[in-house]
Amino acid sequence: PPGHAADHYNRSRSVTLCYVTEAICAVVLLTMTLSGVHSTWPILLAMVLLGGARAFSMPGAQSLLPTLVPPEFFTRAVALNSSAFQVATVVGPALGGFLYLAGPTVVYGSVLVLAIVAALLMMQVQGGRGHLNAQREPASLQTLLLGLRFVRSRPVVLGAISLDLFAVLLGGATALLPMFASDILHAGPSGLGLLRTAPGIGSAVC
């Protein structure tokens, strides 16, 4: 559905809505932290909403680039975008780990500020002019499943996507870090922050 939405609706507006949704999730978590609420279901609900927003924002944001730059600058823009993404992949977790050390209030507050800034900046983007004027089939179940049919008809693509899918699902070591910090190392939030920072530092060294 996210890729389908990116093809049929204004991408910049949908990405803006996703960033606003992420800001709302940060408000919920920040409010729970400040009020001392320890119930788990609001946290899980916020995480489901956050995951949905991230899932819908990725296809829209990734497909915006061709509509933002002239064709003669496209390869240069792709290289710059890829470089920025790689730097963020390394630096982001490292900075995030240090934010952990400052406590959950600082973490959720930082996410809230950054999500609002991202939404305001995305509102200024006039992307999607190419796909909005292009001929496209009306939204239906058939067009929704068109991507799956394409992947199934290309064994190489299916194999590559399947390999990446299982690597992400079964190799997400960072998802286990809170358990290691609390139950094995007994290090608490500060230990979790250092653990989360370590992959970024290691990537920078390599």
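Refer to the structure above for everything that follows.
A brief report on the enclosed structure follows. (Residues numbered from 1 in each chain as written. Predicted model: local features only at pLDDT ≥ 70, side-chain atom pairs only at ≥ 80, totals over all residues. Heavy atoms only, no water.)

## Thoughts on the overall build of the protein
Counting secondary structure elements, the protein contains twelve helices and zero strands. The principal-axis extent of the C-alpha atoms belonging to the protein is close to 55 × 35 × 35 Å. Across the 206 residues in the protein, those meeting the buried criterion constitute 25%. Considering only contacts within the protein whose residues lie at least 6 apart along the sequence, 75% involve residues at least 24 apart. Charge-centre separation for the protein: the mean point of 10 positive side chains lies 6 Å from the mean point of 6 negative side chains. (Helix = DSSP H or I, 4+ residues; strand = E, 2+ residues; numbered from the N terminus. Buried < 20%, exposed > 50% of the residue type's maximum accessible area, 1.4 Å probe, protein only. Contact = heavy atoms within 4.5 Å. Lys, Arg positive; Asp, Glu negative; His and termini not counted. Charge placed at Lys NZ, Arg CZ, Asp CG, Glu CD.)

## Thoughts on the environment of Ser110
Tracing the chain through its elements places Ser110 in helix H6 (residues 104–123). For the pair Ser110 and Ala26, spaced 84 residues apart in sequence, the C-alpha separation works out to 8.8 Å. For Ser110, the side chain forms a polar contact with the main-chain oxygen of Val106, separated by 2.7 Å. (Polar contact = N/O pair within 3.5 Å; in protein donor to acceptor, adjacent residues only side chain to side chain.)

## Quick notes on unusual backbone geometry
The general pattern is negative phi for most residues beyond glycine and trans for most peptide bonds. With a phi angle near 50°, His186 is a residue other than glycine that sits in the positive phi range. Checked against the element boundaries, His186 lands in the loop between helix H11 (177–184) and helix H12 (188–205).

## A word on the side chain of Ser57
By the element assignment, Ser57 lies in helix H3 (residues 41–62). Looking at Ser57, the relative accessible area reads 7%, which means it is buried. The residues touching Ser57, leaving out its near neighbours within four places in the chain, are Val15, Cys18, Tyr19 and Glu22.

## A closer look at the side chain of Ser12
Take Ser12: it is sitting in helix H2 (residues 11–35). Judged by its relative accessible area of 5%, Ser12 is buried. A polar contact of 3.5 Å, which involves the side chain of Ser12, links it to the backbone oxygen of Val125.

Honestly, that's just the spatial picture; any functional story needs more than this.
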